[in-house]
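# Report on the structure
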Amino acid sequence: MYCLGIEGTAEKLGIGIVSSEGAVLANVTEYQPLTRGIHPREAAQHHAEKMRSCIKAATKEAGMGLRETGLVAFSQGPGLGPCLRVAAVSARTIALRYGLPIIGVNHCIAHVEGGRLFTKGEDPLTLYVSGGNTQVIAYADGRYRVFGETLDIAVGNCLDQFARGADLKVPGGPIVEQLAAQGDYFPLPYVVKGMDLSFSGLLTAALEATKGHRIEDVCRSLQETAFSMLVEVTERALAQTRKKEVMLVGGVGVNRRLQEMLASMADEHGVRLLLPPREVMGDNGVMIAWLGLLMHNAGMRQRLEETAVRQRYRTDEVEVLWR
Ligand code: AMP
Ligand code: MG
């Protein structure tokens, strides 16, 4: 059996086709070109315009028709409402047109299951860092539980908003990483509350600091501070859960400095570090298709009425029947 997965939680549209054995037959991603932040309705418009050509490209890459896939999965949430609705409507249309079962999946869990597929991870503690989410996730007692998370903005959003405010290119992550390599560190507000994180005060302070410091130094300090916070919480969750692997997923996960910091922490604890390939670190349709297959093969089914989008879909709401 195969599954066609549609990812569309934010500004990226991803189509993946995967087999039950975990073979990736197609992975097509289309980015909405951004000059400012993400506008939900404009991003949704982009997905609607590109949906047909992306699906066509994916079926061509896989060498199969839509009817032959056997299952269609889509990102049901969390994410931006208008974007989620385009993915959901497209999935429903395909399901009805070709008589395929449909399954909406949780985007955050898809990152974890996709990550496990790409890295052959068994049971990792996962640090999921992206433009919209920041969570430390581990499997325990039949669910993916959140051991720590942001209390306000996501770390990727912090980098993006910083870049915009400092008149740098967007998205912010890559340009901040590049500038940080030539900068020196100075302290900025470090906010960890128990197992949770806060990035909004750090963002304000970093923007304020651009008035009196070189931009390279601010970028370096912003990265060092934000990433140390992430690694601290991940380290504590590792001690609590006693997992033997730590995995990094999400668009911010391509950052070399974050990878290096997490690697040194993992090394100290004697746990294995799992890094998915760059092209599937961020949002992609493959992880959606793969989670759809895992759920379907575990007997999980959804009626059409149950495929409404869920903007605030939480990681720990899903009963994990496939593990
Ligand atoms: P996602 O939401 O998973 O697609 O990831 C998008 C986020 O990843 C955005 O906030 C980007 O700024 C961030 N990002 C991309 N490349 C990098 C990088 N090299 N370093 C840090 N963050 C990055
Ligand atoms: Mg994501």
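Residues numbered from 1 in each chain as written. Chains lettered and ligands numbered in written order. Predicted model: local features only at pLDDT ≥ 70, side-chain atom pairs only at ≥ 80, totals over all residues. Heavy atoms only, no water.

### Observations regarding the packing of helix H5 (residues 155–165) against helix H6 (residues 172–180)
Here H5 crosses H6 at 75°, and the two axes come no closer than 8 Å. As far as their axial angle goes, H6 and H5 are roughly perpendicular. Together, Leu-159, Asp-160, Phe-162 and Ala-163 of H5 and Gly-172, Gly-173, Ile-175 and Val-176 of H6 make up the contact between the two elements. Residues of the contact of H5 with H6, tallied by class, amount to 5 nonpolar, 2 polar and 1 charged. (Axes fitted to C-alpha atoms, helices over the stretch in contact; angles between N-to-C directions. Helix = DSSP H or I, 4+ residues; strand = E, 2+ residues; numbered from the N terminus. Parallel < 35°, antiparallel > 145°, perpendicular 65-115°, else oblique. Contact = heavy atoms within 4.5 Å. Nonpolar A, V, L, I, M, F, W, Y, C, P; charged D, E, K, R; others polar.)

### Here we look at the nonpolar core
Counting 47 residues, the largest nonpolar core has Phe-162, Phe-199 and Leu-230 as the members making the most contacts within it. Among the elements of the structure, strand E6 (125–129), strand E7 (134–140), H5, H6, helix H7 (200–209), helix H8 (215–241), strand E11 (245–249) and helix H9 (256–269) are those that each provide at least two residues to this core. Those residues in contact with Phe-162 that sit more than four places away from it in its chain are Leu-168, Val-176, Leu-203, Ala-206, Leu-207, Thr-210, Ile-215, Val-218, Cys-219 and Leu-222. Among the nonpolar cores identified, the runner-up in size contains 32 residues, and Leu-71, Leu-293, Leu-294 and Met-300 belong to it. (Core = buried A, V, L, I, M, F, W, Y, C linked by side-chain atoms within 4.5 Å. Buried < 20%, exposed > 50% of the residue type's maximum accessible area, 1.4 Å probe, protein only.)

### Some details on helix H4 (residues 107–119)
A rise of 1.5 Å per residue sets the reference length of H4, with its 13 residues, at 18 Å; its end C-alpha atoms lie 18 Å apart and thus fit the reference within 8%. Buried residues dominate H4, accounting for 12 of its 13 residues. Residues of H4 that are buried: His-107, Cys-108, Ile-109, Ala-110, His-111, Val-112, Glu-113, Gly-114, Gly-115, Arg-116, Leu-117 and Thr-119. The residue sitting at the N-terminus of H4 and contributing the capping side-chain oxygen is Asn-106; that oxygen lies 2.9 Å from the backbone nitrogen of Cys-108. Following H4 by one or two positions, Lys-120 adopts a phi angle in the positive range, close to 60°. (Expected span 1.5 Å × (residues − 1). Polar contact = N/O pair within 3.5 Å; in protein donor to acceptor, adjacent residues only side chain to side chain.)

### Regarding the coordination of the magnesium ion (ligand 2)
The protein atoms that coordinate the magnesium ion (ligand 2) are His-107 (NE2), His-111 (NE2), Tyr-128 (OH) and Asp-283 (OD), at distances spanning 2.2 to 2.6 Å. Mapped onto the sequence, the donors of the magnesium ion (ligand 2) take the spacing H-x3-H-x16-Y-x154-D. Separated by 155 residues along the polypeptide, Tyr-128 in strand E6 and Asp-283 in the loop between strand E12 (272–274) and helix H10 (285–297) bring together distant segments of the chain. (Donors = N, O, S within 2.8 Å, 3.2 Å for Na, K, Ca; no water.)

### Remarks on the sheet that holds E6
The sheet built from 5 strands is open, its strands ordered E8-E7-E6-E11-E12 with mixed pairing. Pairing within the sheet leaves two strands with one partner each, and these edge strands are strand E8 (143–149) and E12. The average angle at which neighbouring strand axes cross in this sheet is 25°, direction not considered. Strand direction decides the pairing type here: E11 and E12, joined by 3 bridges, are parallel. Within the sheet, the bridge partner assigned to Met-247 lies in E12 and is Leu-274. Along the sheet, H4 makes contact with E6, E7, E8, E11 and E12, crossing E11 at roughly 115°. Strands in contact with H9 are E6, E11 and E12; relative to E11, the strand with the most contacts, it is inclined by about 170°. (Pairing = 2+ DSSP bridges.)

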